[in-house]
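Reading the structure
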Amino acid sequence: MSRRLIGSTMMVSTLVLALSACGVTGGASTAATDSEPLQNLQVMVPNAPGSGYDVTGRAAVRVMDEVGISTGTEVTNLAGAGGTIGLARTLTEKGNANFLLVMGLGVVGAAYTNEGDAKVADAEPIARLIEEAGAIFVPANSPYTTLDDLVTAWKANPANFAVGGGSSPGGPDHLLPMQLADAVGIEASTVNYVAYDGGGEMLPAILGGKLQFAASGYGEYLEQVKSGELRVLAVTSAKRVPVIDAPTLTEEGVDLVFTNWRGLLAAPGLTKAEKARLIGAVTAMHDSDEWAQVLEDNGWTDAFLTGTKFSTFLTEQDERVASTLTSLGLV
């Protein structure tokens, strides 16, 4: 399968809520009964503050607390290795029904490209929450004012054209520029990709001029776009994004559509009842007016899936990522 085909069909991105590393490891479940809110829920974000996982996870937790679905929830950031350190920590919480991990395509890819035994399939799938388009960002003082300007300069010297992303190889911010390069006629092996552990870590680099452009989910940098610090040359969705005044790649003559997703995983070893309790809580959050407002404010697309359907989706994503990374010679 070609990278372009995969780029057009793969949903890339992030929302997986992970419960914090401060939980009771391997102990008896302290999840609330069905008539009570979840108490002392721990949500782990496997990237630095300001990342897409962080923004999504904290938004979901805020809504759950606001509508009374949970109480006393703690969010912890455990960055490293493209999210796989957080994934590995989640797997050590076996039987802990009060633990969630925020994750997405980046964690699926990092599980392949980073050395380690942690696999997404070893955790309990809870829900896919959102899809989000990517965007091509440049700093406000960049000489590139259109995508065509940028691509022309990129083609001239790709090896010295630094491209930043907030995910490790195999993650959405890596796959996007690789597939963009393929779509505009640049050999992917020549792309000078600079990986950061989340959008929060990449922001100083793009603002400081260390990168010619950045590829990431547009929601991570809405504040900087609105303030004029960053400029969006194009978004990667099929249609324009309401919250950003920028054309799509296809409008700019590039045959590529690329979207990311994010969701939640739980620790392994839960009973059916414990897993159902978590899915029920996240479903109640999803169905609330407060969550609908979060989707609107961030320009996210509702992509809610739970249970078997989410599990099947994860398997499909795993297979597509493996195919893409193999074609890039990374696995």
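From a predicted model like this one, the values you see are computed outputs, not experimental measurements.

Moving on: the environment of Gly-72. Along the chain, the position of Gly-72 falls in the loop between β4 (70-71) and β5 (74-77). Once the C-alpha coordinates of Gly-72 and Pro-37 are considered, the two residues, 35 residues apart in sequence, prove to be 9.8 Å apart. The contacts of Gly-72, once residues within four sequence positions are left out, are Asn-40 and Leu-41.

A contiguous patch of negative charge, built from Asp-65, Glu-66, Asp-289 and Glu-290, is present on the exposed surface. When contributions to the negative patch are tallied by element, the ones reaching two or more residues are α2 (52-66) and α10 (289-298). Tracing the backbone through its elements, the reader meets Asp-289 in helix α10.

Here the focus is unusual backbone geometry. The phi dihedral of Asn-40 falls on the positive side, at around 60°, and the residue is not glycine. Here Asn-40 shows up in the loop between β2 (38-39) and β3 (42-45). Phi is positive for Ala-81, which is not a glycine, with a value near 55°. Among the secondary structure elements, Ala-81 is positioned in the loop between β5 and α3 (84-91). The class of Ala-81 is partly exposed, set by a relative accessible area of 30%.

What follows is about helix α11 (residues 307-327). Taking 1.5 Å of rise per residue, the 21 residues of α11 would be expected to cover 30 Å, and the 31 Å separating its terminal C-alpha atoms lies within 8% of that figure. Residues Gly-307, Phe-310, Phe-313, Leu-314, Gln-317, Val-321, Ala-322, Thr-324 and Leu-325 constitute the buried set of α11. Just downstream of α11, Gly-329 is the residue with a positive phi angle, here 75°.

Counting residues in hydrophobic clusters, the biggest one holds 78 residues, and the most contacted among them are Met-103, Ile-126, Leu-150, Trp-154, Leu-265, Met-285 and Trp-291. Looking at this core, the element that brings in the most residues is helix α6 (residues 172-184), giving 7 residues. Sequence-distant contacts of Leu-150, that is, excluding residues within four places in its chain, are made with Ile-136, Val-138, Tyr-144, Phe-161, Gln-212, Phe-213 and Leu-233. In terms of nonpolar packing, the next biggest core, distinct from the first, is built from 21 residues, Leu-203, Ala-214, Tyr-218 and Val-235 among them.

Here we come to the pattern of salt bridges. Going through the model one piece at a time under the given rule, you end up with 6 salt bridges. Here Arg-89 ties to Glu-93 by a salt bridge, and the two come within 2.7 Å at their closest N and O atoms. A salt bridge links Arg-240 to Glu-251, with the nearest nitrogen and oxygen atoms 3.0 Å apart. Here Arg-240, found in the loop between β11 (230-235) and β12 (259-266), pairs with Glu-251, found in the loop between β11 and β12; they are 11 residues apart in sequence, far enough to count as distant. By relative accessible area, Arg-240 is classed as partly exposed at 44%. Judged by relative accessible area, which is 43%, Glu-251 ranks as partly exposed. A cluster of three or more residues bridged by salt bridges with shared partners is formed by Arg-240, Asp-245 and Glu-251.

Rules and cut-offs
Residues numbered from 1 in each chain as written. Predicted model: local features only at pLDDT ≥ 70, side-chain atom pairs only at ≥ 80, totals over all residues. Heavy atoms only, no water. Helix = DSSP H or I, 4+ residues; strand = E, 2+ residues; numbered from the N terminus. Contact = heavy atoms within 4.5 Å. Patch = residues over 30% accessible without salt bridge, like charges linked within 9 Å, V, L, I, M, F, W, Y side chains within 5 Å. Areas by Shrake-Rupley, 256 points an atom, 1.4 Å probe, with all protein chains shown as cover. Salt bridge = Lys/Arg side-chain N within 4 Å of Asp/Glu carboxyl O. Lys, Arg positive; Asp, Glu negative; His and termini not counted. Charge placed at Lys NZ, Arg CZ, Asp CG, Glu CD. Buried < 20%, exposed > 50% of the residue type's maximum accessible area, 1.4 Å probe, protein only. Expected span 1.5 Å × (residues − 1). Core = buried A, V, L, I, M, F, W, Y, C linked by side-chain atoms within 4.5 Å.

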